[in-house]
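Listed below are the residues making up each chain.
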2 protein chains.
Amino acid sequence: MHIWFDMKLTAAQLDGSNMSVRAQHPWPLEDDEEASGLDLTLDEKTELSHFCDVISVGAKGPPIFTQGQHADHVFYVNEGIVQGRHTIRSGVRQSVALYWPGDFFGLARDGMFFNSAEAVIDCTLYRYPIRKLEKFLISRPRIQHKFLMKAVHDIRKTQRQLIIMGALDVARRLAVFLVDCCGHREYFDTGTQHLTIPISRHDIADHIGTSAETVTRAINTLEKKGLIRRETPWKLEIKTSELLAFSSLD
Amino acid sequence: MHIWFDMKLTAAQLDGSNMSVRAQHPWPLEDDEEASGLDLTLDEKTELSHFCDVISVGAKGPPIFTQGQHADHVFYVNEGIVQGRHTIRSGVRQSVALYWPGDFFGLARDGMFFNSAEAVIDCTLYRYPIRKLEKFLISRPRIQHKFLMKAVHDIRKTQRQLIIMGALDVARRLAVFLVDCCGHREYFDTGTQHLTIPISRHDIADHIGTSAETVTRAINTLEKKGLIRRETPWKLEIKTSELLAFSSLD
DNA sequence: CGCATGATTGAGTTCATTCAAATGGTGTGG
DNA sequence: CCACACCATTTGAATGAACTCAATCATGCG
């Protein structure tokens, strides 16, 4: 299915840089997108693919972009997970979003990126020149409308994260995160109910606004409650619905 | 300037209901909008005004809408302040946004409002039937593009709130809130540096994710540091730039 | 097999919460 | 005009959740 991209990853590693670029690659012409908002037709995807680059980013490497940097592209996650982060003056880092396949990212303010973006696992991304995309959208009102709906969807998603941060304790926040992970087939086996946690304790901590140690303790808490079972540090058996109930999020 | 709306408030109070409606009122044809994203031309405002209602909502009354309720309108704040709130299963309430004049609100998911909205002070709002607005936007790509930009702006605003909640302690969160208030001339006198806090301790607490008592204590903290001076519980003298520096937010 | 990295555990501390009580301001009715 | 009642704000004290720093334990890689 995505074999083509595996080749790209290899290429990226070969040339030693963290980010490799190829121009003019088509959107993967399947329609397996999550119900995450932007559901384009095949034709629309093809049209869009005419002016996007495909890039590969390794997890360990430098950020995809850094807050304050000049913003001339918008990114789309094809494979992998990207974390949007913001660093405040005191040096404290806060994750503002986790971008899964199907998500767009690269918000700008006054032509500069508002956040940094880092691949938390190896990724393949599509990259759109923002000017071209804007012109295209104005010439295709119905597609633009889908982007508007997607943006509204993203507001809601960010608000949801805000609710999670403001109203739940760490164990519940972790529960929500784990359930969210279970929504991604790449990491969750519906049959065995086994989840492979895709990101490190530290990245989870960033995401749910706590420290890596506290994440570990919260995992203990959930395990003691019988909501999860730890096989290895990254393999968990999950009771999805009990976890969701415990989180007390709607 | 907004005298016309003062009459409306009176009307609302007279008929005893909390929300009064009048159809077909024009957008106030000034161009004093904040740099909050959607900056329409006079012509565009006039076009939009052709299908909006004007409603008045009192601070003490029932919510403007409730989460889960059928969503067929989008709202625009003309005057006043509205708080978007979400209640989770445990009953805990979390504010997701404070809407000031110039802001849109009324996000829906599957045709239902995702949050509740309550006027925290008396408000006048414009109300747009969502279907008509959507059709209109598709027929006016450039206006739709402004709405898209506005939505992107709102994502950023929500992310900013997320950063505030995740990375700052209560005193700093309060500092940010106070500085934000100072951005609104209705409540802040630039000459005397006097701010009239427009909303209650409890609503502030909701907004910055803490309790009313803790808000009071945080005010004490800021006063001891010499960043603000309390004249009455609602009148503060503010050292804007010092406060902003203290908050350590960018 | 040993090192490096990440995960886990422990102990002490800090920050914010909760519950209870006191104070202050506002508006109403006498 | 005053007194009272009501509501919001403020203060106090005890509790608890999560953080930090340090040490120990796995896991994977050379």
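So, how was this worked out
Residues numbered from 1 in each chain as written. Chains lettered and ligands numbered in written order. Predicted model: local features only at pLDDT ≥ 70, side-chain atom pairs only at ≥ 80, totals over all residues. Heavy atoms only, no water. Near = heavy atom within 4 Å. Polar contact = N/O pair within 3.5 Å; in protein donor to acceptor, adjacent residues only side chain to side chain. Helix = DSSP H or I, 4+ residues; strand = E, 2+ residues; numbered from the N terminus. Nonpolar A, V, L, I, M, F, W, Y, C, P; charged D, E, K, R; others polar. Core = buried A, V, L, I, M, F, W, Y, C linked by side-chain atoms within 4.5 Å. Buried < 20%, exposed > 50% of the residue type's maximum accessible area, 1.4 Å probe, protein only. pLDDT = per-residue confidence, 0-100. Contact = heavy atoms within 4.5 Å. Buried area = accessible area lost by both parts, 1.4 Å probe. Salt bridge = Lys/Arg side-chain N within 4 Å of Asp/Glu carboxyl O. Pairing = 2+ DSSP bridges. Axes fitted to C-alpha atoms, helices over the stretch in contact; angles between N-to-C directions.

The subject of this paragraph is the protein's contact with DNA strand C. The immediate surroundings of DNA strand C are formed by 17 residues, with Arg201, Asn220 and Arg230 of chain A together with Thr210 and Thr214 of chain B found nearest. Protein-adjacent atoms of DNA strand C, using a 4 Å cutoff, are sugar or phosphate at a proportion of 63%. Within the side chain of arginine 230 of chain A, an N or O atom sits 2.7 Å from a phosphate oxygen of DNA strand C. One of the side-chain N or O atoms of threonine 210 of chain B is found 2.3 Å from a phosphate oxygen in DNA strand C. Elements that contribute at least two residues to the surface near DNA strand C include exactly helix H7 (212–224) of chain A together with helix H7 (212–224) of chain B. Of all the elements, H7 of chain A adds the most residues to the surface near DNA strand C, at four residues. Broken down by class, the residue content of the surface near DNA strand C amounts to three nonpolar, seven polar and seven charged.

Let us now look at the nonpolar core. Counting residues in each nonpolar core, the largest one holds 44 residues, and the members touching the most others are Tyr128 and Phe147 of chain A together with Tyr128 and Phe147 of chain B. Of all the secondary structure elements, the ones that give two or more residues to this core are strand E3 (73–79), strand E10 (123–129), helix H3 (130–139) and helix H4 (141–167) of chain A together with strand E3 (73–79), strand E10 (123–129), helix H3 (130–139) and helix H4 (141–167) of chain B. Judged by nonpolar contacts, the second largest core, of 38 residues, contains Ala71, Ala117, Met165 and Ala167 of chain B.

Let us look at the confidence of the model for chain A. Residues and elements named next belong to chain A. Across chain A, the average pLDDT comes to 85, with 85% of residues at 70 or higher. Confidence drops under pLDDT 50 across residues 1–17; counting only partners more than four residues distant or on other chains, this segment forms 26 contacts. Here residues 22–35 is modelled with pLDDT under 50, and outside its nearest four sequence neighbours on either side it reaches 44 contacts, counting other chains as well.

Chain A puts 46 residues into the contact, and the matching count from chain B is 46 residues. Carbon and sulfur atoms make up 67% of the area that chain A and chain B hide from each other, which totals about 4,300 Å². A per-residue breakdown of the area chain A buries against chain B is headed by Arg89, Arg156 and Leu162 of chain A, which together make up 16% of the total. Applying the counting criterion to the chain A and chain B interface returns zero salt bridges. For the pair chain A and chain B, the interface holds 10 residue pairs in polar contact (both at pLDDT 80 or more).

On to the pattern of salt bridges. According to the stated counting rule, one finds 37 salt bridges over all chains in the structure shown. Note that arginine 131 of chain A is salt-bridged to glutamate 134 of chain A, the shortest N-O span being 2.8 Å. With arginine 131 of chain A and glutamate 134 of chain A both in helix H3 and three residues apart, this pair spans about one turn of that helix. Overall, the relative accessible area of 59% leaves arginine 131 of chain A in the exposed class. Of the charged contacts, one joins arginine 85 of chain B and aspartate 203 of chain B as a salt bridge, the two residues approaching to 2.7 Å between their closest N and O atoms. Of the two residues, arginine 85 of chain B is situated in strand E4 (residues 82–87) and aspartate 203 of chain B in helix H6 (residues 201–208); the sequence distance between them amounts to 118 residues. Here the salt bridges share partners, and the residues they tie into one network are Arg85, Arg93, Glu118, Asp203 and Asp206 of chain A.

Within H3 of chain B, the full set of buried residues consists of Ile130, Leu133, Glu134, Phe136, Leu137 and Ile138 of chain B. Tucked into the core, H3 of chain B has its buried residues touching H4 of chain A together with helix H2 (42–49), E3, E10 and H4 of chain B.

Turning to the protein's contact with DNA strand D, a few remarks are in order. The immediate surroundings of DNA strand D are formed by 19 residues, with Thr210 and Thr214 of chain A together with Arg201, Asn220 and Arg230 of chain B found nearest. Taking all atoms of DNA strand D within 4 Å of the protein, the share assigned to sugar and phosphate is 66%. Between DNA strand D and threonine 214 of chain A, the relevant distance is 2.5 Å, taken from a phosphate oxygen to a side-chain nitrogen or oxygen of the residue. Note that a phosphate oxygen of DNA strand D is positioned 2.6 Å from one of the side-chain N or O atoms of arginine 201 of chain B. If you list the elements that add at least two residues to the surface near DNA strand D, you get H7 of chain A together with H7 of chain B.

Another point: the sheet that holds strand E5 (residues 93–99) of chain A. Residues and elements named next belong to chain A. Spatially, three strands are ordered E5-E4-E9 in an open sheet, and the strand pairing comes out antiparallel. With partners counted over all chains shown, the strands left at the sheet margins are E5 and strand E9 (116–119), one partner each. On average, each strand axis in the sheet is inclined to that of its neighbour by 30 degrees, with strand direction left out of account. Where strand E4 (residues 82–87) meets E5, six bridges bridge the pair, whose relative direction is antiparallel.

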